Amino acid sequence: MQSNLKHALVFLFVAVSIAILPACNQKKTSKANPLRQYILSPNIFTGYFLQDQSCQEKNIGSQSFSNIKVFEYSPSAGQSVSVTNSTIPFQALSSLTGIQVDTTYYNLHQRQDCSNSGMSDDGACTAELLLVTPPIPLKICNPAQEFKRNSVEQVGLSSLYQLEKAAAFYRRVQKQSLDKTFLSILPKIEIVAPLEDSGQVISEYVTDQMSYVRTEDGSGGFFVYPRSESVETATIWKNLNFWEWGWAVSHEYGHHVLTELSGYIGGEVSLINKKSLTERPHFMTPPIISSHFLRDQLIGNLSSRQVTSEDVIGVIHEAYADLFGFYSDGARTNALEDIDCFAFNRDVSSPNFANNLPKILGTNVMSVFNSTTNESSSRNCAVPFFQDIHTVGAIVAHGLHKVYSQKTSNNDERARLLFNWAKRLTYLKQSNLKLEDLVGDGIYVVSNNGKLTAAQCQLVSTYFPAFYGGWTSGSGKVKLTCS
């Protein structure tokens, strides 16, 4: 989702919703953190390889094809399995493409040196993220070939397969297409910075994430980051590649849907300098996984904070992306079961977080979210943290799903309500945005010109008690009445 990284580095990597790019506000020093390795790691998994090197050296790859093996995470199996894509048309002339994705790249390596110069007085890294190696279009010359799971080609194929499925869901339900996007797989995004305890300068890489990005010319794209060596040998996300997971990839595509329908492309976050389309994304959403456990390392000992419009938009983006991922993946109950850091917390169908706290947007939650004091957060990613846009977004997503489901049990119709909500959010460029107004527009789409049924009002008052009084009293932008 979108966030002003100047003051909210906790959302930095996509995640979210996505990636994880600590560019604008990386703390100069870092401490050891048991979960840090899973999103910013000194070691990228070394097992990726080009299976058909000779193909990449040719001027032209294969033409249209669809019957090719890809990998897809199976919730019932609890792991990724090989499936045959027989429905999504691919092409691989100058690059691997689909209907939604017009280019797939690999080989991108960028580096930001925060070790000496480029540090501001508040500890933010202002050094430019420089190009080390350029992206290269990925080709497929022999579609009949079965590409191994850790091959660069298979990462591209599986990522493209999931993105195209998400885009196909949108096209089928909405009867229209969105602007084409690019895909960059396994990019090396390197951050050079000293450790606080020893002063030793080390390089760390963005890992185990995905992110939605926008380039300076307004084009959308997706970064699929490599796994870390730590995850390969750990129990967390065992045998799970995010790019093979339908919900996760659809979540990222949900950011594209909201951005396109609302017409708003995030804050002025110059993560990379102004150069070319694929090398220089200008804006990127936060990571798909909440990274508040990095908070102390990234923002240091700052005791104060200020919630801005970008934070408010961030909550909406994460709620929206979670809902789109849920609906496009079939709205399956407990679909995120057994997935570390996602089970219960990000499952739209779950009424509670993993620690049994209910997903209700009450005054207690809003008090923490709006607080000018940086609250302490748990290092356990299963524990909700109400200053995290993913956590508050998950509450909004669950509440809206309950309201939408009262309106209709049809999954396509619920998705259309979601799309209608985005179309009402054309005012995101305005300053001083209020979460109450943006969420209220999500409620308004089920109403009859602002009039809710008694059943709808009951749900709204149950899941959004912090805002219900303002909506029904007519004191805010969104005015709702109950029949």
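In this text the structure is predicted, and so the values were computed from the model without any measurement. (Residues numbered from 1 in each chain as written. Predicted model: local features only at pLDDT ≥ 70, side-chain atom pairs only at ≥ 80, totals over all residues. Heavy atoms only, no water.)

**Overview of the overall build of the chain**
Keep this limit in mind: A run of DSSP states H or I qualifies as a helix once it reaches four residues; a run of E qualifies as a strand once it reaches two. Both are numbered from the N-terminal end. Between buried and exposed lies partly exposed: a residue is buried under 20% and exposed over 50% of the maximum accessible area for its type, with that area taken using a 1.4 Å probe on protein chains only.
Broken down by element type, the chain carries 12 helices and 17 strands. Each of the 483 residues in the chain was classed as buried or not, and the buried ones make up 61%.

**Describing the pattern of salt bridges**
Side-chain pairs of opposite charge can arise where the charged atoms are in close proximity. Selection rule: We define a salt bridge as a side-chain nitrogen of Lys or Arg found within 4 Å of a carboxyl oxygen belonging to Asp or Glu.
Within this structure, the stated rule accounts for 11 salt bridges. The shortest N-O distance in the salt bridge between Asp-329 and Arg-332 comes to 2.6 Å. On the basis of relative accessible area, Arg-332 is assigned to the partly exposed category, the value being 33%. Of the charged contacts in the structure, one is a salt bridge between Asp-441 and Arg-424, with a shortest N-O distance of 2.8 Å. Placement of the pair is Asp-441 in helix H10 (residues 435–444) and Arg-424 in helix H9 (residues 411–424), with a sequence separation of 17 residues. The exposure class of Asp-441 is buried, given its relative accessible area of 0%. The exposure class assigned to Arg-424 is partly exposed, which follows from its relative accessible area of 31%. Among the charged side chains, a network of salt bridges with common partners joins Glu-318, Asp-322 and Arg-346.

**Quick look at the confidence of the model for the chain**
Quick note on the threshold: A residue's pLDDT is simply how confident the predictor is in it, with values from 0 to 100. For this analysis, residues touch if any pair of their heavy atoms sits within 4.5 Å.
Averaged over the chain, the pLDDT score is 82; the fraction of residues at 70 or greater is 81%. Of the regions scoring below 50 in pLDDT, residues 267–282 engages in 55 contacts with residues more than four places distant in sequence or in other chains. Note that pLDDT drops below 50 for residues 291–301; the model gives that stretch 48 contacts with residues more than four away or on any other chain.

**Quick word on the packing of aromatic side chains**
Selection rule: Working definition: a ring pair exists when centres of Phe, Tyr or Trp rings (six-membered ring for Trp) sit within 6.5 Å. Plane angles under 30 degrees give stacked, over 60 give edge-to-face, the rest tilted.
Throughout the structure, instances matching the rule amount to 23 aromatic pairs. Pairing Trp-237 with Phe-242 gives two aromatic rings, centres 5.1 Å apart and planes at 65°, and the pair type is edge-to-face.

**Remarks on the pairing of strand S2 (residues 68–74)**
Convention followed: If DSSP finds at least two bridges between two strands, the strands pair.
Burial within S2 is extensive, with 6 of its 7 residues counted as buried. Alignment of S2 against strand S3 (residues 79–85), held across 7 bridges, turns out to be antiparallel. Looking across to S3, one finds that Lys-69 is bridged to Thr-84. Connecting S2 to the next strand, S3, in antiparallel fashion are 4 residues, including Gly-78 with a positive phi near 70°.

**Observations concerning the state of the cysteines**
Threshold: When the sulfur atoms of two cysteines come within 2.5 Å, that pair is taken as a disulfide.
The full count for this structure, using the stated rule, is 2 disulfides. Each disulfide pairs two cysteine sulfurs, and for Cys-55 the partner residue is Cys-141, the sulfurs being separated by 2.1 Å. In this structure, the disulfide formed by Cys-55 and Cys-141 twists by about 85° around the S-S bond and is classed as right-handed. Of this pair, Cys-55 sits in helix H1 (residues 53–56) while Cys-141 sits in the loop between strand S9 (136–137) and helix H2 (152–174); the two residues are 86 residues apart in sequence, bridging distant segments of the chain.

**Details of helix H12 (residues 465–473)**
Inclusion rule: By arc we mean the arc of the directions from the helix axis to the C-beta atoms, nothing more.
Within H12, the full set of buried residues consists of Phe-467, Gly-470 and Trp-471. In an axial view of H12, the angular spread of the buried residues amounts to 100°, which keeps them on one side of the axis. Those residues of H12 hidden inside the fold are in contact with helix H7 (363–370), H10 and helix H11 (454–463).

**Remarks on the packing of helix H4 (residues 246–262) against helix H6 (residues 309–328)**
We apply this condition: For helices, the fitted axis covers only the stretch in contact; all axes are lines through C-alpha atoms, and the angles between them, taken along N-to-C directions, range from 0 to 180 degrees. What sets the label is the angle itself: under 35 degrees gives roughly parallel, over 145 gives roughly antiparallel, 65 to 115 gives roughly perpendicular, and the rest give oblique. Crossings are classed by handedness, with left-handed meaning an anticlockwise turn of the near helix from the far one by less than a right angle and right-handed meaning a clockwise turn. Polarity classes work like this: nonpolar for Ala, Val, Leu, Ile, Met, Phe, Trp, Tyr, Cys and Pro, charged for Asp, Glu, Lys and Arg, and polar for all others, with Gly in that last group.
Axis separation between H4 and H6 bottoms out at 7 Å; the angle between their running directions is 125°. In terms of orientation, H4 lies oblique with respect to H6. Helix-helix and strand crossings are classified by hand; for H4 and H6 the assignment is right-handed. On the side of H4, the interface is formed by Trp-247, Ser-250, His-251, Tyr-253, Gly-254, His-255, Val-257, Leu-258, Thr-259 and Leu-261, while H6 contributes Ile-316, His-317, Glu-318, Tyr-320, Ala-321, Asp-322, Phe-324, Gly-325, Phe-326 and Ser-328. Across the contact of H4 with H6, the residue classes tally to 10 nonpolar, 8 polar and 2 charged.

**Things to note about H6**
Using the following cut-off: Residue count minus one, scaled by 1.5 Å, sets the expected span of a helix.
Helix length check: H6 (20 residues) gives 28 Å between terminal C-alpha atoms against 28 Å at 1.5 Å per residue, within 8%. Of all 20 residues making up H6, 20 are buried, and the element is well covered by its neighbours.

**Quick notes on unusual backbone geometry**
Of note, the phi angle at Asn-107 is positive, near 85°, even though the residue is not glycine. On the secondary structure map, Asn-107 appears in the loop between strand S6 (101–106) and strand S7 (109–113). A relative accessible area of 32% means that Asn-107 is categorised as partly exposed.

**Brief notes about the packing of H2 against H9**
Where H2 contacts H9, the two axes come as close as 10 Å, and the packing angle between them is 90°. One element, H2, and the other, H9, form an angle in the roughly perpendicular class. Note on element contacts: H9 touches H2 through Asn-411, Asp-412, Ala-415, Arg-416, Phe-419 and Lys-423, opposite Phe-169, Tyr-170, Arg-172, Val-173 and Gln-174. Among the residues making up the contact of H2 with H9, the classes are represented as 5 nonpolar, 2 polar and 4 charged.

**A word on the sheet that holds S7**
Spatial strand order, S1-S12-S11-S7-S8: 5 strands in an open sheet with mixed pairing. Strands with a single pairing partner mark the edges of an open sheet, and in this sheet they are strand S1 (40–41) and strand S8 (129–133). Sheet analysis places S1 next to strand S12 (residues 201–206), joined by 2 bridges and oriented antiparallel. Opposite Leu-40, over in S12, you have Val-206 as the bridge partner.

**A closer look at the pairing of S6**
Counting buried positions over the 6 residues of S6 gives 5, a clear majority of the element. Where S6 and strand S10 (residues 181–185) come together, 4 bridges link them in parallel fashion. From the neighbouring strand, Val-101 faces S10, where its bridge partner is Thr-181. Examined bridge by bridge, S6 and S9 share 2 bridges and lie antiparallel to one another. In the sheet register, Tyr-105 faces S9, and the bridge partner there is Pro-137.

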